[in-house]
Protein chains: 2
Amino acid sequence: MKLASLRKGRDGALVVVSRNLKTASSAAPVAATMQEALDRWNEVEPALRALYEQLNAGTAKDAFEFDINNVAAPLPRSYQFLDGAAYASHITRNRRARGEQVPADFYEKPLVYQGISHGFMAWNETVPLPSDELGIDFEAEIFAVTDDVPMGVSPKDAVSHIKLFVLVNDISLRALIPAELKRTFGFLTGKPASSMGPIAVTPDELGELWNGELVSGTMNCWVRAEQIGSIETGKDTPFHYGHLISHVAQTRNFEPGSLVGLGTVSNEDDSAGCACIGEIRAKEVLRDGVAKTPLFAFGDEIRIEHVDRDGNLVFGRIQQTFAPINTLMPTEVE
Amino acid sequence: MKLASLRKGRDGALVVVSRNLKTASSAAPVAATMQEALDRWNEVEPALRALYEQLNAGTAKDAFEFDINNVAAPLPRSYQFLDGAAYASHITRNRRARGEQVPADFYEKPLVYQGISHGFMAWNETVPLPSDELGIDFEAEIFAVTDDVPMGVSPKDAVSHIKLFVLVNDISLRALIPAELKRTFGFLTGKPASSMGPIAVTPDELGELWNGELVSGTMNCWVRAEQIGSIETGKDTPFHYGHLISHVAQTRNFEPGSLVGLGTVSNEDDSAGCACIGEIRAKEVLRDGVAKTPLFAFGDEIRIEHVDRDGNLVFGRIQQTFAPINTLMPTEVE
């Protein structure tokens, strides 16, 4: 099943979208917003799936043409955002380039932080930031969206609480992060609001891309229209989604709509490129002693596409530019 | 104005409470939940205040007896929880006792982390945890609750976005925190869900306790029925609420209902005692070489009361015990 949120208010208006993304139908009779749906997922899922089948069969009564240019993030604000650094080559390259170590227990338990869980932008929205001297970067990731997760859940049981997956551009400010991490309290100002791909997809809809632990496929990334990465997402991490959820849930329950990511996707194979500029720059430092690829300036474009084995977009694309705050046109809101 | 949330669903049912806490009136005609009220604060505030005046005058039509034993946390789940370590003596004592340093830039900019913003328990709820060998501790704090905060707000303007204050018991697992901070990604499993005092209070209602920067008054704390702290909350921090909000808002907007705390209250004066057991233990280590006061075992009680100059409770009290998960009676929910 495929879901999206039209732009409306703070939480969007939930719609079910046909498999081919041609038509959509309001989910309002079942759940007005994505958060409402996730709060009562077991209760509403059958009705949403029935609507999805009708859309695909062309029999949905109130179907309308789906305009992917007019969506919000599928879940514009959430109660919990947990992001890992599970793809080992991402963090190994970054830390080595700045002369730092990967934590000694990196392979023993997942490295995860809790970050900003609100302000998610649409896939095509311009990203407002106070300055482009903060080291603006993207990070291409796939996040799981959970329902209620009980404290003490096992990694195996944890994956059954994944109800949706979304594509995320985890925007990062490289000039702020190293100093912030040195203070040991984790990421804060170095992680502004991020963006989501337009379509949230249920695990079953992923077919063979979802093996119950990781999402396979290829993450293609273009910076200033030049491709810098083509990463296989289903490998090169010692931890899967269930491990991360279980790790954090050792001492807490999760609210529905919790977002759990494995971090910037990255492959051990150098030729795959990277899913963020920072890692490209780290490789340049390690190879040449100096970073050459510039981080984003205002006006630059990032494009992220995660595709299946046939090259089809799985979650829709993310394609956006960066601009100073106060120069943006206000977002259209009904 | 005083607000509370009755136990109902995931977000509670918002009520306005009379100044003397004797009567309450449903806010549902204006806003069903605290989050809804905060999402539209400017629009709903006049109606809520009118109801408050009627309650205080005894003229509110649908007033009912307020039962403080049957409330939820005023805001059971929120989109953002930002907690500082602003009271310098708290962090100085803790770090010195474990042979670590306070970050070099501690006095230059506030030390803040983003933590668990959901699962807030009522003031009298038993705290479920997987084990009492995790070093269970409390931390007594006062949190500001904001409306929409714009990116780039100044410390001076930031305080105008504080709409409410609440009392928080920031529950901490001392056995997990030092190792977690060493990984540099901040607090996670070491900070389980916390509790809130029963009454959310507007800044104007605090009268002279609120000087536009800090909340004065005395934080009294009892561990296993023995008083361990009596802390003056309006001093001994280089940073106030506006500084913390402004610091984090450098690169993000806030959603309404964002919770911002200055950290465990603490005084430079040793005789004031402490607002967490960890700091008591740190002082014991520094003085005697060994910590004597035990952290919480299951069944132990914590009581926290923040009082004004006349000894009156400002936010209601927090009084709760700790128990293993799965042995608790289910919470009553309508």
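See the structure above.
About the cut-offs
- Residues numbered from 1 in each chain as written.
- Chains lettered and ligands numbered in written order.
- Predicted model: local features only at pLDDT ≥ 70, side-chain atom pairs only at ≥ 80, totals over all residues.
- Heavy atoms only, no water.
- Helix = DSSP H or I, 4+ residues; strand = E, 2+ residues; numbered from the N terminus.
- Rg over C-alpha atoms; globule rule 2.2 N^0.38 Å.
- Buried < 20%, exposed > 50% of the residue type's maximum accessible area, 1.4 Å probe, protein only.
- Contact = heavy atoms within 4.5 Å.
- Areas by Shrake-Rupley, 256 points an atom, 1.4 Å probe, with all protein chains shown as cover.
- Lys, Arg positive; Asp, Glu negative; His and termini not counted.
- Charge placed at Lys NZ, Arg CZ, Asp CG, Glu CD.
- Salt bridge = Lys/Arg side-chain N within 4 Å of Asp/Glu carboxyl O.
- Pairing = 2+ DSSP bridges.
- Axes fitted to C-alpha atoms, helices over the stretch in contact; angles between N-to-C directions.
- Buried area = accessible area lost by both parts, 1.4 Å probe.
- Phe/Tyr/Trp six-rings, centres within 6.5 Å; stacked < 30°, edge-to-face > 60°.
- Lys NZ or Arg CZ within 6 Å of the ring centre and 35° of its normal.
- Parallel < 35°, antiparallel > 145°, perpendicular 65-115°, else oblique.
- Left-handed = near helix turned anticlockwise from the far one by under 90°.
- Nonpolar A, V, L, I, M, F, W, Y, C, P; charged D, E, K, R; others polar.
- Expected span 1.5 Å × (residues − 1).
- Arc of directions from axis to C-beta.

Draft legend 1. Structural context of the overall build of chain A. Helix and strand content of chain A: seven helices and 18 strands. For chain A, the C-alpha radius of gyration of 19 Å lies close to 20 Å, the compact-globule estimate for 334 residues. Counting only C-alpha atoms, chain A reaches 60 × 45 × 35 Å along its principal axes. Burial status across chain A gives 62% buried among its 334 residues. Of the contacts formed within chain A by residues at least 6 apart in sequence, a portion of 74% connects residues at least 24 apart. Summing over all exposed atoms, chain A offers an accessible surface of approximately 12200 Å²; the carbon and sulfur share of this is 49%. Positive and negative charge centroids in chain A, built from 31 and 45 side chains respectively, lie 3 Å apart.

Draft legend 2. Examining the pattern of salt bridges more closely. Applying the stated criterion across every chain yields a total of 57 salt bridges over all chains. With its nearest N and O atoms 2.9 Å apart, the salt bridge here joins A:Arg77 to A:Asp11. You can see A:Arg77 sitting in the loop between β4 (64–65) and β5 (81–84) and its partner A:Asp11 sitting in the loop between β1 (2–6) and β2 (13–17), a full 66 residues away along the chain. Assigned by exposure class, A:Arg77 and A:Asp11 land together as buried. With its nearest N and O atoms 3.6 Å apart, the salt bridge here joins A:Lys283 to A:Asp270. Taken as a pair, A:Lys283 in helix α7 (residues 277–288) and A:Asp270 in the loop between β16 (259–261) and α7 lie far apart in primary sequence, 13 residues in all. Using a relative accessible area of 17% as the deciding quantity, one classes A:Lys283 as buried. Connected through salt bridges with shared partners, the residues A:Arg10, A:Asp11, A:Arg77, B:Asp39, B:Asp148 and B:Glu255 form a single ionic network.

Draft legend 3. Broad picture of the sheet that holds strand β18 (residues 318–324) of chain A. Residue and element names in this part refer to chain A. Within the open sheet, the five strands sit side by side as β7-β18-β17-β14-β15. Their pairing is mixed. Two strands close off the open sheet at either side, each with one partner strand: β7 (127–129) and β15 (226–232). Strand after strand, the sheet turns through a mean of 20° between neighbouring axes, direction not considered. Bridge analysis of strand β14 (residues 218–223) against β15 gives six bridges, and the strand direction is antiparallel. Bridge assignment links Met219 to a residue of β15, and that residue is Ile231.

Draft legend 4. Up close: the sheet that holds strand β17 (residues 301–307) of chain B. Residues and elements named next belong to chain B. Pairing within the open sheet is mixed, and its five strands lie in the order β7-β18-β17-β14-β15. The open sheet has two edge strands, β7 (127–129) and β15 (226–232), and neither has a second partner. Taken pair by pair, the neighbouring strands of this sheet meet at an average axis angle of 20°, ignoring direction.

Draft legend 5. How the structure looks around the interface of chain A and chain B. At the junction of the two partners, chain A supplies 53 residues and chain B supplies 53 residues. The largest per-residue losses of area from chain A upon contact with chain B belong to A:Tyr79, A:Arg183 and A:Phe185, which jointly make up 21% of the total buried on that side. Run the count over chain A and chain B and you get twelve salt bridges. A:Arg77 serves as the salt-bridge partner of B:Glu255, at 2.7 Å between the closest nitrogen and oxygen.

Draft legend 6. Looking closely at the environment of B:Arg98. Among the secondary structure elements, B:Arg98 is positioned in the loop between α3 (88–97) and β6 (112–114). When sequence neighbours within four positions are dropped, the list of residues in contact with B:Arg98 reads B:Pro178 and B:Leu181.

Draft legend 7. How the structure looks around helix α6 (residues 241–248) of chain A. Residue and element names in this part refer to chain A. Taken across its eight residues, α6 has seven buried, putting it largely inside the fold. Residues Tyr241, Gly242, Leu244, Ile245, Ser246, His247 and Val248 constitute the buried set of α6. Those residues of α6 that are buried are in contact with β5, β6 (112–114), β9 (140–146), α4 (155–158), β10 (162–169) and β16.

Draft legend 8. Fine view of the packing of aromatic side chains. Tallying each qualifying case throughout the model produces 25 aromatic pairs over all chains. Where A:Phe81 meets A:Phe143, the ring centres are 4.8 Å apart and the plane angle is 25°; that geometry is what we call stacked. Within this pair, whereas A:Phe81 is found in strand β5, its partner A:Phe143 is found in strand β9, the two being separated by 62 residues in sequence. According to the relative accessible area criterion, A:Phe81 is buried, its value standing at 2%. With 5.0 Å between their ring centres and 85° between their planes, B:Phe106 and B:Tyr107 make a pair best called edge-to-face. B:Phe106 gets classed as buried once you look at its relative accessible area, which sits at 2%. By relative accessible area, B:Tyr107 is classed as exposed at 57%. Clustering of aromatic rings is evident, with ring pairs tying together A:Phe81, A:Tyr113, A:Phe120, A:Phe143, A:Phe187 and B:Phe185. Directly above the ring of A:Phe187 sits A:Lys191, whose terminal nitrogen or CZ lies 5.1 Å from the centroid.

Draft legend 9. Spatial organisation of the packing of helix α3 (residues 88–97) of chain A against α7(A). Residue and element names in this part refer to chain A. One can describe the packing of α3 onto α7 by two numbers: an axis separation of 8 Å at closest approach and a directional angle of 50°. It follows that α3 is oblique to α7 by the angle criterion. Like other packed secondary-structure pairs, α3 and α7 cross with a definite hand, here left-handed. Residues Ser89, His90, Arg93, Asn94, Arg96 and Ala97 of α3 form the contact with α7, whose participating residues are Gly278, Glu279, Ala282, Lys283, Val285 and Leu286. Of the residues contributing to the contact of α3 with α7, the split by class is four nonpolar, four polar and four charged.

Draft legend 10. Structural detail: helix α2 (residues 41–57) of chain A. Residue and element names in this part refer to chain A. Its 17 residues give α2 an end-to-end C-alpha distance of 23 Å, which sits within 8% of 24 Å, the value for a rise of 1.5 Å per residue. For α2, the full list of buried residues reads Trp41, Val44, Leu48, Leu51, Tyr52 and Leu55. In a view along the axis of α2, the buried residues occupy a sector of 105°, so they form one face of it. α2 presents Asn42, Glu43, Pro46 and Ala57 as exposed residues on the side facing more than 90 degrees away from its buried surface. Against the buried residues of α2 lie β1, β2, β3 (23–26), α1 (34–39) and β10. Looking one or two residues beyond α2, the residue adopting positive phi is Gly58, at roughly 75°.

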